[in-house]
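# Chain and residue survey
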Amino acid sequence: MAEVVESVREKVPAGKDAASRAARRAWRERLNNAASRKLLIGAGAALLGGAFWGFSGTAASALFDVYHVDTMWLMSVRQLIAGALFMVLILLFDRKRFVKLWTTREHRRTQLVFTFFGLLANQFFYLNAVRLTNAGTATVLQCLQLIFIMAYTCVSAHRRPRKREIAGLIMAFAGTVLISTGGDLTRLSIPPLGLAMGLLTALGAALITILPVKILPVYGSTIVTGSAMFLSGIVTSVFVHPWNNMPALDAAGWETLAVFVLVGSFLAYLLYMQGVKDIGSMRAGLIGTVEPVSATVTSAIVLGTAFAGTDLAGFALIIGMMFLTV
């Protein structure tokens, strides 16, 4: 965008005659159109990415419940294959910036922290949350990431939470209580470990947004995300050996795995991180509220997952929290 501004500015006359004014007006319109296109493309990318993430939760649930796939095996395969697809794009179209990322000490350190404490941690906790609860619940609990992002923003900016942020925090707490207890405060309606995994998923999701904020504009979402996925896939494969522990999948199982890896991982991350780059993390996070809706709807339709009224009320409160805090 900056390049567009500079290239156009050089051609804009500074005179006060009618022709100069018309040229400046055309210049402003061109800038507005470029900004609008970027906003529209970024919003569309974040919307599709969030929806595809929802598909990944449903696909993971099917692989766990129907085919009894091991969590670590699934995570390893996901990171390795999706990361390899990213690497193909990087080596074909953007290898110079890729080399620069890994040869710049400060940026390499940030990338490594993002890889293992952001992306890999989020995937590990999310898949375990899906296994222990269901796709819709795990995905909605992940939306609590905005609470962590809000806390980080307040601490880094040395400010107190705003009134709407406090209201969002109350809604998030109420929603989490409804989901975890089903309205009966004397017991948990989901496994305690599942709730813990959901909360850790939210923390990991927040770190995915916070950690790469300085390197994402420099290297782009494809390099940052793709490098992290491929590296984490290699590391987990060293311990898991997915090629030696293949699950028994039929044709439908392989199709589900393909949806999980290609749509729910590769395309979801590619599109969503592009949205973060184009329109910022907060706007992308707001648009990404389509993810729990997508996961809940597809889980109910494809897997027949039943959600109680208290679950849906909790989902609504947490989604409402996102609109207040973003």
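### Observations regarding the overall build of the protein
The number of helices and strands found in the protein is 14 helices and 0 strands. Shown N-terminal to C-terminal, the secondary structure of the protein runs as helices and strands in the order α-α-α-α-α-α-α-α-α-α-α-α-α-α. A total of 326 residues make up the protein; the buried ones form 47% of that total. For the protein, long-range pairs separated by at least 24 residues make up 83% of all intrachain contacts whose partners lie at least 6 apart in sequence.

### Some remarks on the packing of helix H6 (residues 135-142) against helix H13 (residues 290-303)
Close contact between H6 and H13 brings their axes to 8 Å; oriented N to C, the two are set at 175°. Put simply, H6 runs roughly antiparallel to H13. On H13, the residues touching Ala135, Gly136, Thr139, Val140 and Gln142 of H6 are Glu291, Pro292, Ala295, Thr296 and Ser299. For the contact of H6 with H13, the class distribution of residues is 4 nonpolar, 5 polar and 1 charged.

### Thoughts on the side chain of Thr139
Structurally, the position occupied by Thr139 is in helix H6. Only 2.9 Å separates the side chain of Thr139 from the side chain of Tyr126, close enough to count as a polar contact. When near neighbours in sequence (up to four residues on either side) are disregarded, Thr139 contacts Tyr126, Glu291, Pro292 and Ala295.

### As for the environment of Arg187
With respect to the helices and strands, Arg187 occurs in the loop between helix H8 (163-181) and helix H9 (192-210). If we skip the residues at most four places from it in the chain, Arg187 touches Ser180 and Thr181.

### Looking at the environment of Asp250
Note on placement: Asp250 falls in the loop between helix H10 (216-240) and helix H11 (251-279). Between the alpha carbons of Asp250 and Tyr67 there is a distance of 9.0 Å; along the sequence they are 183 residues apart.

### A look at the pattern of salt bridges
In the structure shown here, the tally under the stated rule is 1 salt bridge. In this structure, Arg97 and Asp94 form a salt bridge, with 2.6 Å as the shortest nitrogen-oxygen distance. Its relative accessible area of 30% is what places Arg97 among the partly exposed residues.

### Focus on the confidence of the model for the protein
Scored by pLDDT, the protein has a mean of 83; 86% of the residues are at 70 or more. Highest mean pLDDT in the protein belongs to helix H4 (residues 95-103) (95); lowest belongs to helix H1 (residues 2-9) (45). Predicted confidence is poor over residues 1-10, with pLDDT under 50, and the contacts of this stretch with residues over four places away or in other chains come to 10 contacts.

### A few points about the nonpolar core
Counting 52 residues, the largest nonpolar core has Leu63, Leu74, Leu127, Leu257 and Phe260 as its most contacted members. If you list the elements that add at least two residues to this core, you get helix H2 (18-65), helix H3 (71-93), H4, helix H5 (105-132), H9, H10 and H11. When residues of this core are assigned to their parent elements, the largest contribution, 11 residues, is made by H11. Ignoring sequence-local partners within four residues, the contact set of Leu63 consists of His68, Val69, Leu74, Leu249, Gly253, Thr256, Leu257 and Phe260. With 18 residues, the next largest nonpolar core counts Leu146, Ala172, Ile179 and Ala202 among its residues.

### Brief notes about the environment of Val69
As for its position among the elements, Val69 is in the loop between H2 and H3. Residues Val69 and Leu249, 180 residues apart in the sequence, show an inter-C-alpha distance of 9.0 Å. Those residues within four positions of Val69 in sequence are excluded, and the remaining contacts are Leu63, Phe64, Leu74, Arg131, Pro247 and Leu249.

Conventions and cut-offs
- All residue numbers refer to position in the chain's written sequence, counted from 1.
- Two thresholds apply to this predicted model, a pLDDT of at least 70 for residue-level local features and 80 or more for giving and counting side-chain atom pairs, whereas whole-chain, interface and lining totals are computed over all residues.
- To get the side-chain values, all heavy atoms of the structure are used, and hydrogens and water are removed first.
- For helices the rule is a DSSP run of H or I covering at least 4 residues; for strands it is a run of E covering at least 2, with both sets numbered from the N terminus onward.
- Only protein chains enter the calculation, and the probe is 1.4 Å; a residue is then buried if its accessible area is under 20% of its type maximum, exposed if over 50%, and partly exposed in between.
- Should any heavy atoms of two residues lie within 4.5 Å, those residues are considered in contact.
- Between N-to-C directions, angles cover 0 to 180 degrees, with each direction set by a line fitted to C-alpha atoms, over the stretch in contact for helices.
- These descriptions rest on fixed angle ranges, namely under 35 degrees for roughly parallel, over 145 for roughly antiparallel, 65 to 115 for roughly perpendicular, and the rest for oblique.
- Residues are grouped as follows: Ala, Val, Leu, Ile, Met, Phe, Trp, Tyr, Cys and Pro are nonpolar; Asp, Glu, Lys and Arg are charged; all remaining types, including Gly, are polar.
- In protein, a polar contact requires one atom able to donate a hydrogen and another able to accept it; more generally it is a pair of N or O atoms within 3.5 Å, and residues adjacent in sequence count only if both atoms are side-chain atoms.
- When a carboxyl oxygen of Asp or Glu lies within 4 Å of a side-chain nitrogen of Lys or Arg, that pair is called a salt bridge.
- Scored from 0 to 100, pLDDT reflects the predictor's confidence in each residue.
- Remark: nonpolar core denotes a set of buried residues (Ala, Val, Leu, Ile, Met, Phe, Trp, Tyr, Cys) joined through side-chain atoms within 4.5 Å.

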